[in-house]
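Residues per chain are reported as follows:
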Amino acid sequence: MNPQLQSNLKLDGGKTSRRDFLALSLLTLTGLAQPAALADRLLDDKSGRRRCLVVLTLSGGNDGLNTVVPYGMGRYYDLRPKLAVKGESVLPLDGVVGLNPSMSELASLYKEGKLAVVQGVGYPEPNRSHFRSIEIWQTAQPDIIGDTGWLGRYLDLQDKNDLANRMLAAVNIDPVLPKSLLARKITVPSVYDLGDFRFKVDSHYQNDRERQLSCFRDIYKDYQFKGALAGQLVKTGLAASAASEKLHKLTADAASKSTASYPDGRLSASLRLIAQMVAGQVGARVYTLQMDGFDTHANQSRTHNGLLGNLSRSLKAFLDDLECRGVADEVLVLVHSEFGRRAQENDGRGTDHGAAAPCFVLGKGVKGGLYGEHPELEASKLVQGDLGFKTDFRSVYAALLEDWLGSDARAILGRSFEKIPFV
Amino acid sequence: MTEKLKGQQIRHLLRRAGFGFTPAEYLSYRDLDYDEAVERLVDFETEDNSALDALIESQNFDFTSGDDIKRWWLFRMLFTRRPLEEKLTLFWHGHFATSLKKVRNPYAMYVQNRLFRKLCIGDFGNLLLAVSKDPAMIVWLDNQQNRKGKPNENFAREIMELFTLGIGHYSEADVREAARAFTGWQVKNGVFSFNKGAHDAGKKLFLAESGNFDGTQVISILARHKQTGRFLAAKLLHFFLGPNFDRALLNKVAGAYEVDRQIRPMLKTIFLSKAFLSRENQFSLVKSPCQYVVGTLKHLQISTIDGDLPRLLSAMGQDLFAPPSVKGWDGGTAWLSSDTMMARFNFANRIIGEKMDALKKQGSLKDLLAEKGIDDQGTCVAYFLQLLVEGDVPPPVVKRLEDYLGKEPFLKGAESKTLLDERLRGLLHLIMTLPSYQLA
């Protein structure tokens, strides 16, 4: 990690008053900053590199035991008489654990040193509610109901000049903004389908578009009205119009410049859009997205293997795409879920809500390998039937925040955590 | 009370208890006392809805098609004479959120939707029991796989966390015990069936009561639980009134539940409360996409529904019959992301573009202005602002919209006819993108 960058970020982040910052980021969003100089200014970044983090959430609670399979632990086969992945079909990472056979692309990436697998990630006193548990992951505040996200607090700490130089500080590729991106100083835009993400006017009167858009911006910029929702409506509307105009300009060029081939599906479309934004120098520090369908209470195998296969192929295509566009050095991906699933399978060939599970960190900048210990599977070591955690999820965050993004993990997470050395 | 103030209150009520109103609907409520209007909306069973039934009959909906059941429901929202019935059905759909994406059976979703409508305002215990036996719900929360010896906890957890008590009012042990009670509640040949062989008839300790409970008894314990009343009261208040209410009102609404677990008196308490009519609670809720869409169609008297309206709603963040998770839609500011707001703006654009073309009955916008005797920029902007946002915008906005219309001689001269049409459509589009128009 570059010490210069770190001190730079720390210094200015603390001094910026909220009012200055808002004025500045709105200025940027509304297009008053100089876009022409943008690419140059980004290269002035003291780290000499442009780095961003992609956080992919496997929504519903991914079954960690059938993702990173402990095929060398006999107990696994007792706990999963119907659902266990056979030892001979596992893609081994070492003599004890291996990847689900649906994930051959990730197994190759592991061999190439581009995939870090962190085992047994969780937090104390696990909550088995989807909503509370994902909130804990997103706020990184297990003990309180937090109102900012870990990535939002990271963005709040950013150097104001650095953020001003970036077209967008972060982008969420989903219709709903996750709590992880709730910040005090900025509103992160969400984009789902770039084609629809555009201020459109009556097809008969295309020439009127600029007049309407300019009227829209004038109105929104000065909109003063009562009520708690005013601020958020205005900020979101402005972010929408500004971000859409810019994204269209940037990605129009980037769209054709890659030969990577993605599988079908929503995840692929979202990852492709991220690759275009990275290559188009949108400059976002963080991208978030999610993949649904992991709440496999019943008849799990086929669904789960299908999801893992799609995940693996999509991630591989994404890394290829980044490589093809010459930006593979700039991106790290974190893949996690709100919790793993119960060690013992249920009677419906499925699994119920559990606790600890593995995370993936992948990209060209990662030190591939297996990190952390696998949770023990003996009945006496399970916690209410669930896997005990071996690595606090904030240890994963701390490494990403400090060693990848060059920020101050302690300030963001509230205290120090041992960093997992995968960067 | 002045007529003006009463008019505001009635329109507020129609927005909250329904999805907005056509001019004719408003006229039919305008001359009632406020209390009478509440009664007419809440005691909706006396309202003759046969015109809607006939209309739906004529549409030949295919209830085994996911798109068709979405259109069917939008039809109901748009043309019903019982707006609260549809609004409550939407409330329960969000509360007992079940999704086509997993159930994969549109007809089962349609059956569930009819169940919500039928039981929406009566005894909550009956509703909870019916929902627990509903085939779509059993598939959705995996109770089919909940069997003696190896219970599946999914339904048992959500019935407490999301349907009745809320998080923090039960233990993990309660989840496990309730799951045992629901073992054997299954679907067979598309209908509920009790599988005695899969049921665990043993003794359970559930929320400090013990007995050989089955699902019906667990539901009865939950429906009678004081916390259920409070949980539902808070949720109904947030949905119908907004976030500004005090503990006293919460207690009063919860108290209305405790009498005999009826939803109707809870709603009357809310609509007749002082807080409901307070200035701070008017235009204090972000419109849901359904409210935005159906309200717009009603305001502008557009009576045709596009085939792809369900898709547009989904882009705004509300895919009917496919809520994002078991928790339903969060609502409030969660409706607002740059992507979903852009989808609203683009829906508004479609309405003023293609839909206005189809508006034969109403004639052109120019004719409308002539009919209303509007012949200058100021009156025109004021007219549409009043129609769409009750004129509730900061003064500079009025000025800016007048500037947008332009200085050209207004409504005069055939040569500017196209320009006038362009600007009037642009004006309506811009009003529908205003922050004020996102609120109800």
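The model shown is predicted, which means the values in this text are computed figures rather than measured ones. (Residues numbered from 1 in each chain as written. Chains lettered and ligands numbered in written order. Predicted model: local features only at pLDDT ≥ 70, side-chain atom pairs only at ≥ 80, totals over all residues.)

Undergrad: Mind showing me how you'd approach the overall build of chain B here?
TA: For chain B, the count of helices and strands is 24 helices and four strands. Computed over the C-alpha atoms, the radius of gyration of chain B is 24 Å, within 12% of the 22 Å expected from 2.2 N^0.38 for a compact globule of 440 residues. The C-alpha extent of chain B, read off along each of the three principal axes, is 85 × 45 × 40 Å. Across the 440 residues in chain B, those meeting the buried criterion constitute 49%. Contacts in chain B between residues far apart in sequence, at least 24 positions, make up 71% of those at least 6 positions apart. (Helix = DSSP H or I, 4+ residues; strand = E, 2+ residues; numbered from the N terminus. Rg over C-alpha atoms; globule rule 2.2 N^0.38 Å. Buried ≥ 20, exposed ≤ 12 C-beta atoms within 10 Å, placed from the backbone. Contact = placed C-beta atoms within 7 Å.)

Undergrad: Quick question: what am I supposed to make of the overall build of chain A here?
TA: The helix and strand inventory of chain A stands at 14 helices and 11 strands. Each of the 423 residues in chain A was classed as buried or not, and the buried ones make up 55%. Long-range pairs, those at least 24 residues apart, make up 76% of the contacts in chain A with a sequence separation of at least 6.

Undergrad: Whenever I open this one, the domain arrangement of chain B confuses me. Can you help?
TA: By a widespread convention, an interface's size corresponds to the accessible area lost as its parts come together. Assigned domains within chain B: domain 1 (123-243 + 254-264 + 273-281) and domain 2 (289-438). The gap between the C-alpha centroids of domain 1 of chain B and domain 2 of chain B is 41 Å. (Domains from an automatic or database assignment.)

Undergrad: What is the right way to look at the interface of chain A and chain B in this model?
TA: Listed as interface residues are 50 residues of chain A and, on the opposing side, 50 residues of chain B. Elements represented by at least two residues in the side of chain A that touches chain B include exactly α6 (130-139), α9 (209-221) and α10 (230-254) of chain A. Tallying contributions element by element places α10 of chain A first for the side of chain A that touches chain B, with 10 residues. For the side of chain A that touches chain B, the residue count by class is 24 nonpolar, 16 polar and 10 charged. (Nonpolar A, V, L, I, M, F, W, Y, C, P; charged D, E, K, R; others polar.)

Undergrad: Teacher, can you tell me more about helix α22 (residues 377-389) of chain B here?
TA: Helical geometry note: an α-helix holds 3.6 residues per turn, so side chains three or four residues apart project in the same direction. Residues and elements named next belong to chain B. Its 13 residues give α22 an end-to-end C-alpha distance of 18 Å, which sits within 8% of 18 Å, the value for a rise of 1.5 Å per residue. Turning to α22, its buried residues are Gln377, Cys380, Val381, Phe384, Leu385 and Leu388. For α22, the angular spread of buried residues about the axis comes to 125°, placing them on one side. Packing partners of the buried residues in α22 comprise α18 (289-299), α21 (365-371), α23 (395-405) and α24 (417-433). One or two positions beyond α22, positive phi appears at Glu390, with a value near 55°. (Expected span 1.5 Å × (residues − 1). Arc of directions from axis to C-beta.)

Undergrad: Just to check I follow, could you spell out the environment of Ala183 of chain A for this structure?
TA: Residues and elements named next belong to chain A. With respect to the helices and strands, Ala183 occurs in the loop between β6 (170-172) and α9. For the pair Ala183 and Leu157, spaced 26 residues apart in the sequence, the C-alpha separation amounts to 9.7 Å. Not counting residues within four places of it along the chain, the set of residues in contact with Ala183 comprises Thr148, Gly152, Leu155, Asp156 and Val188.

Undergrad: What exactly am I supposed to notice about the pairing of strand β1 (residues 185-188) of chain B here?
TA: Residues and elements named next belong to chain B. Where β1 meets strand β2 (residues 191-194), four bridges bridge the pair, whose relative direction is antiparallel. Its bridge partner lying in β2, Val187 is registered against Phe192. The antiparallel hairpin formed by β1 and β2 contains two residues in its connecting segment, where Asn189 sits at a positive phi of about 50°. (Pairing = 2+ DSSP bridges.)

Undergrad: Please explain the packing of α9 of chain A against α24 of chain B as it appears in this structure.
TA: For the pair α9 of chain A and α24 of chain B, the least separation of the axes is 11 Å and the interaxial angle reads 30°. Relative to α24 of chain B, the crossing made by α9 of chain A is right-handed. Side by side, α9 of chain A and α24 of chain B meet where Gln212, Cys215 and Phe216 of chain A of the first sit next to Gly426, His429, Leu430 and Thr433 of chain B of the second. (Axes fitted to C-alpha atoms, helices over the stretch in contact; angles between N-to-C directions. Left-handed = near helix turned anticlockwise from the far one by under 90°.)

Undergrad: How should I be thinking about the pairing of strand β1 (residues 52-58) of chain A in this particular structure?
TA: Sheet faces and side chains relate simply in a regular strand, where the side chains alternate between the two faces. All names here are of chain A. Taking burial as the measure, the seven residues of β1 include seven buried ones, the bulk of the element. Neither face of β1 is exposed, since Cys52, Val54, Leu56 and Leu58 on one face and Leu53, Val55 and Thr57 on the opposite face are all buried. Across seven bridges, β1 lies against strand β8 (residues 331-337) in parallel orientation. Within the sheet, the bridge partner assigned to Leu58 lies in β8 and is Ser337.

Undergrad: In this structure, what is going on with helix α4 (residues 50-59) of chain B? I would like to understand it.
TA: Of all 10 residues making up α4 of chain B, only zero are buried, and the element is barely covered by its neighbours. A positive phi of about 50° marks Asn60 of chain B, the residue just after α4 of chain B.

Undergrad: Would you mind showing me how to read unusual backbone geometry here?
TA: Among all residues except glycine, the phi angle is most often negative; among peptide bonds, the trans geometry is most common. In this structure, Gln384 of chain A is a non-glycine residue whose phi angle is positive, near 50°. Residue position: Gln384 of chain A is located in the loop between β10 (369-371) and β11 (391-392). Unlike most non-glycine residues, Ala208 of chain B shows phi in positive territory, near 70°. Inspection of the secondary structure puts Ala208 of chain B in the loop between β3 (204-206) and β4 (209-211). The class of Ala208 of chain B is exposed, set by 7 C-beta atoms lying within 10 Å.

Undergrad: Teacher, can you tell me more about the environment of Phe384 of chain B here?
TA: Residue and element names in this part refer to chain B. Examined against the element boundaries, Phe384 turns out to sit in helix α22. We classify Phe384 as buried; it has 22 C-beta atoms within 10 Å. In sequence terms Phe384 and Arg279 are 105 residues apart; their C-alpha atoms lie 22 Å from each other. Those residues in contact with Phe384 that lie beyond four places of it in its chain are Leu427, Leu428 and Ile431.

Undergrad: I tried to follow the packing of α23 of chain B against α24 of chain B on my own but got confused; where do I start?
TA: Geometrically, a packed helix pair is captured by the angle between its two axes and the distance between the axes. All names here are of chain B. One way to put it is that α23 packs onto α24 with a least axis distance of 9 Å and a crossing angle of 155°. When the interaxial angle is binned, α23 and α24 end up roughly antiparallel. For the crossing formed where α23 meets α24, the hand is right-handed. For the pair formed by α23 and α24, the contact residues are Leu401, Tyr404 and Leu405 on the first element and Arg423, Gly426, Leu427 and Leu430 on the second. Residue composition of the contact of α23 with α24, by class: five nonpolar, one polar and one charged. (Parallel < 35°, antiparallel > 145°, perpendicular 65-115°, else oblique.)

Undergrad: When you look at the sheet that holds strand β2 (residues 68-69) of chain A in this model, what are you seeing that I'm missing?
TA: Whenever strands of a sheet pair, they do so through backbone hydrogen bonds, lying parallel or antiparallel. If you trace the three strands from one edge of the open sheet to the other, you get β2-β4-β3 (chain A), paired in antiparallel fashion. Two strands bound the open sheet, and with one partner strand each, they are β2 and β3 (91-92) of chain A.

Undergrad: Before we go on, may I ask you to explain the confidence of the model for chain B in this structure?
TA: Looking at chain B, the pLDDT average stands at 92 and 96% of residues meet or exceed 70. Note on the complex model: pTM 0.79, ipTM 0.92. (pLDDT = per-residue confidence, 0-100.)

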